[in-house]
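# Commentary on secondary and tertiary structure
Letter by letter, the chains look like this.
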Amino acid sequence: MSAQFSVQAAVLKEKFNIDLRVMGITGSRTMLLSDVGIDLSKWRDLQREKGEKADMQKFVQRVHGNHFIPNTVIVDCTADSYVASHYYDWLRRGIHVITPNKKANSGPLEQYLKLRALQRQSYTHYFYEATVGAGLPIISTLQGLLETGDKILRIEGIFSGTLSYIFNNFAGTRAFSDVVKEAKEAGYTEPDPRDDLSGTDVARKVIILARESGLKLELSDIPVQSLVPEPLKSSASAEEFLQKLPQFDQDLAKQRQEAEAAGNVLRYVGVVDVVNQKGIVELRRYKKEHPFAQLSGSDNIIAFTTQRYEKQPLIVRGPGAGAEVTAGGVFSDILRLASYLGAPS
């Protein structure tokens, strides 16, 4: 994020007169504050030299209290529920919020509705494109359909780059456990692959899209098919889990054989069924001609079936994970905010 920002900030200032400055950076332990803007080309060195103990309240007061800065936005790049719980207060105080953090929009429904109500009542903006599909235009596409009067019938997609990679490579005679190990070694999984295989992250994305479509669902309302074998859910470590996973290869191998015999492939998908007001996360079969069967690598793919796109769903496809594309999605939201606040488009 800092690399994209530092390179592009000078261009934006010169061409569009958009003056973007980073006034503070904070982690869980250390924060760096400035009254004029932080040089992002050396922010890590500056944090080591001039950093102070992290204090969320002090951080917000300093970045928002600078009277030379007309507009303040906090960009939350954590996956932390505690940080997300501050959004309401920040928006109420006139601080804009941009985030790839899924916790606020997939958290308790009452808090989510309260947050969205405040957003509609105020002139403060809350953007979260990167919560689903990283840099892919998933949220903005959905909002555009709704704002132009289309009616969403169904949203179905492969929302996990990790599980996309695993099932794109789970073919022929390969063991499921071998593909999971390969995905971990290639850096596609979380440090503990069970965090991906549990399906919880996909369920959060399904909830975000369901609520965006007008459904009042809780995360607990979404049935999730976990790919973690029951006996291994409580394994002590990720290493122990990977050692024992080959013992459970047979079940998925059988499912793959049955699918291939019928000319199908297995894909791990999330579905928002707006018509029946429900969502689900599960392993499904698709014909080899289906767009979901044509994926490669760790790509995401999302199909919107609407009144406008009922016979031929609207499809968005591309890299849906990774630091660089997620940073691109966040940066895109920052520029959208700038245009909303009056910057030249």
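Criteria and thresholds
Residues numbered from 1 in each chain as written. Predicted model: local features only at pLDDT ≥ 70, side-chain atom pairs only at ≥ 80, totals over all residues. Heavy atoms only, no water. Buried < 20%, exposed > 50% of the residue type's maximum accessible area, 1.4 Å probe, protein only. Helix = DSSP H or I, 4+ residues; strand = E, 2+ residues; numbered from the N terminus. Arc of directions from axis to C-beta. Expected span 1.5 Å × (residues − 1). UniProt positions renumbered as here; feature names shortened; annotations may be inferred. Pairing = 2+ DSSP bridges. Salt bridge = Lys/Arg side-chain N within 4 Å of Asp/Glu carboxyl O.

### Description of helix H2 (residues 43–50)
Turning to H2, its buried residues number three or more, namely Trp 43, Leu 46 and Gln 47. Looking straight down H2, one finds that the buried residues subtend no more than 100 degrees of arc, so they occupy a single side. Along H2, the residues that are exposed and aim more than 90 degrees away from the buried face are Arg 44, Arg 48 and Glu 49.

### Here we look at helix H12 (residues 200–212)
Between the first and last C-alpha of H12 there are 18 Å, a value that for 13 residues agrees with the 18 Å anticipated at 1.5 Å per step. Counting buried positions over the 13 residues of H12 gives 11, a clear majority of the element. The set of residues buried in H12 consists of Val 202, Ala 203, Arg 204, Lys 205, Val 206, Ile 207, Ile 208, Leu 209, Ala 210, Arg 211 and Glu 212. Immediately downstream of H12, the backbone of Gly 214 shows phi near 105 degrees, a positive value.

### Some details on the UniProt feature "domain: Homoserine dehydrogenase catalytic" (unreviewed entry) in the protein chain
In this numbering, the UniProt entry assigns the feature "domain: Homoserine dehydrogenase catalytic" (unreviewed entry) to residues 137–335. Helix and strand shares over residues 137–335 are 39% and 21% respectively, and the end C-alpha atoms of the span are 14 Å apart.

### Some points on the pairing of strand E10 (residues 299–306)
Looking along a regular strand, one sees the side chains alternate between the two faces of the sheet. Counting buried positions along E10 gives 8 out of 8 residues, so the element sits mostly inside the fold. In this structure, strand E7 (residues 152–158) lies alongside E10, joined through 6 bridges in antiparallel fashion. Within the sheet, the bridge partner assigned to Glu 156 lies in E10 and is Ala 303. Bridge count for E10 against strand E11 (residues 314–319) is 6 bridges, and the pairing is antiparallel. Counterpart to Ile 302 in the pairing with E11 is Val 316.

### Details of the pattern of salt bridges
Using the criterion set out here, one finds 21 salt bridges in the structure. Of the charged contacts, one joins Asp 45 and Arg 48 as a salt bridge, the two residues approaching to 2.4 Å between their closest N and O atoms. Taken together, the positions of Asp 45 and Arg 48, both in helix H2 and 3 residues apart, correspond to about one turn of that helix. Asp 45 gets classed as partly exposed once you look at its relative accessible area, which sits at 38%. Looking at Arg 48, the relative accessible area reads 64%, which means it is exposed. Between Asp 150 and Arg 308 there is a salt bridge whose closest N-O contact spans 3.9 Å. Of this pair, Asp 150 sits in the loop between helix H8 (139–147) and E7 while Arg 308 sits in the loop between E10 and E11, and the two are 158 residues apart along the sequence. We classify Asp 150 as buried; its relative accessible area is 8%.

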